[in-house]
Amino acid sequence: MTQDTGIADNERDAEAARELSWRAKSVGLAAVDIDDAELLHGWRSDPVTAYEIGIWPRSLTAMRERIERDSDDDARDDFLVLLPDSTPIGHIALSGHNIVNGTAQVELMLAGQHRGHGHGTDALDALVDLAFGELPIHRLTAETHTDNAPALAVLAKSGFVHEGISRAACLHRGRRHDLAVFSLLRPEWEELSRPRAWDA
């Protein structure tokens with residue numbers, strides 16, 4: 001997760017014209033486009049984000065290449081998280097689809113100034129509803145550092161179950177970090193009492 005890098009008026013106007021792929025309680029999801037590379041690069045370059053999601057900054061060119069490569073990957077769906085006024089506030093993805101086994105992984109990154117307002121939970125709930133409501137997914141997984149309290153709280157609030165710890169599974173700034181492993185199964189999602197994204 002990262003600090004907001006600032007959006008120019010023309011960039012904001014361009015986002016306003018984006019077609020939403022999926023709508024949720026307080027946010028919408030729009031498919032990531034190559035023109036989003038600079039925005040995503042800025043978020044991922046934030047030191048807090050690098051620590052919390054276990055990545056290191058790469059070049060803007062590499063980000064563009066990654067978006068182009070991922071757009072052709074049938075096992076991955078990337079979305080910008082947008083506020084109702086079309087302000088982009090984060091990135092969320094469903095990755096590693098395995099239709100045979102019915103599994104996939106969720107990823108979430110929010111701009112720093114937009115954290116703590118419930119948008120992360122709404123975005124994750126929307127992606128979960130997309131996975132279970134539109135795809136033959138049976139099991140979703142997520143991983144985060146064991147000391148990433150905001151992410152742990154969002155996963156728990158969205159119904160994910162803490163399965164265990166992957167010890168020393170991530171190297172960052174010369175230190176090994178444990179990863180908390182979470183999952184959500186289709187029957188557990190079906191039992192959730194919250195409204196579905198398509199009811200928003």
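Residues numbered from 1 in each chain as written. Predicted model: local features only at pLDDT ≥ 70, side-chain atom pairs only at ≥ 80, totals over all residues. Heavy atoms only, no water.

(A) Representation of helix H6 (residues 149-157) in the model. Three or more residues of H6 are buried, namely Ala151, Val154 and Leu155. What you see down the axis of H6 is that its buried residues fit within an arc of 95 degrees, all on one side. At the C-terminal side of H6, glycine 159 shows a positive phi close to 95 degrees. (Buried < 20%, exposed > 50% of the residue type's maximum accessible area, 1.4 Å probe, protein only. Helix = DSSP H or I, 4+ residues; strand = E, 2+ residues; numbered from the N terminus. Arc of directions from axis to C-beta.)

(B) Quick look at the nonpolar core. Core analysis: the largest hydrophobic core is formed by 33 residues, its most contacted members being Ile92, Val106, Val128, Leu140 and Phe160. Elements that contribute at least two residues to this core include exactly strand S3 (76-82), strand S4 (88-98), strand S5 (103-110), helix H5 (119-134), strand S6 (139-145), H6 and strand S8 (175-185). Top contributing element to this core by residue count: H5, with eight residues. Dropping the residues within four chain positions of it, valine 106 is found in contact with Ala93, Leu94, Leu124, Leu127, Leu140, Thr141, Ala142 and Phe160. (Core = buried A, V, L, I, M, F, W, Y, C linked by side-chain atoms within 4.5 Å. Contact = heavy atoms within 4.5 Å.)

(C) Structural view of the confidence of the model for the protein chain. Of all residues in the protein chain, 86% have pLDDT values of 70 or greater, and the mean over the chain is 82. Taken element by element, the protein chain is modelled with least confidence in helix H1 (residues 9-16), mean pLDDT 46, and with most confidence in helix H7 (residues 186-191), mean pLDDT 96. The model gives residues 1-15 a pLDDT under 50, and that stretch makes 39 contacts with residues more than four places away or in other chains. (pLDDT = per-residue confidence, 0-100.)

(D) Highlighting helix H2 (residues 37-44). Across the eight residues that make up H2, a large majority, six, are buried. Along H2, the positions that sit buried rather than exposed are Ala37, Leu39, Leu40, Gly42, Trp43 and Arg44.

(E) Structural view of the pattern of salt bridges. In total, this model carries five salt bridges according to the counting rule given. Across the salt bridge formed by arginine 76 and aspartate 78, the nearest N and O atoms sit 2.8 Å from each other. Aspartate 78 gets classed as buried once you look at its relative accessible area, which sits at 15%. Taking the shortest distance from any N to any O, the salt bridge between arginine 76 and glutamate 107 comes out at 3.1 Å. With arginine 76 in strand S3 and glutamate 107 in strand S5, the pair connects residues that are 31 residues apart, well separated along the chain. By relative accessible area, which is 11% here, arginine 76 ends up buried. What makes glutamate 107 partly exposed here is its relative accessible area of 26%. (Salt bridge = Lys/Arg side-chain N within 4 Å of Asp/Glu carboxyl O.)

(F) Structural view of the packing of H2 against helix H4 (residues 60-71). Interaxial distance between H2 and H4 falls to 9 Å at its minimum, and their mutual angle equals 120 degrees. By the angle class used here, H2 and H4 are oblique. Note that H2 runs across H4; the crossing there is right-handed. Contacts from Ala37, Glu38, Leu40, His41 and Arg44 of H2 reach H4 at Leu60, Met63, Arg64, Arg66 and Ile67. Residues belonging to the contact of H2 with H4 are distributed by class as follows: five nonpolar, one polar and four charged. (Axes fitted to C-alpha atoms, helices over the stretch in contact; angles between N-to-C directions. Parallel < 35°, antiparallel > 145°, perpendicular 65-115°, else oblique. Left-handed = near helix turned anticlockwise from the far one by under 90°. Nonpolar A, V, L, I, M, F, W, Y, C, P; charged D, E, K, R; others polar.)

(G) Inspection of the side chain of arginine 196 at higher detail. Mapped onto the elements of the fold, arginine 196 is located in the segment after H7. Among all residues touching arginine 196, those that are not within four sequence positions of it are Asp129, Trp189 and Glu190.

(H) Expanded view of the pairing of S3. Of all seven residues in S3, six are buried; the element is thus mostly enclosed. Strand direction decides the pairing type here: strand S2 (residues 28-31) and S3, joined by four bridges, are antiparallel. In the sheet register, alanine 31 faces S3, and the bridge partner there is phenylalanine 79. Bridging between S3 and S4 involves seven bridges; their strand directions are antiparallel. Within S4, the position partnered with valine 81 by the bridge is glycine 90. (Pairing = 2+ DSSP bridges.)

(I) Representation of the sheet that holds S3 within the structure. Reading across the sheet, the eight strands line up as S1-S2-S3-S4-S5-S6-S8-S7 and stay open at both edges, with mixed pairing between neighbours. The outermost strands of the open sheet, each flanked by one partner alone, are strand S1 (22-23) and strand S7 (161-172). Of the strand pairs in this sheet, S1 and S2 are connected by two bridges, and their pairing is antiparallel. From the neighbouring strand, arginine 23 faces S2, where its bridge partner is glycine 28.

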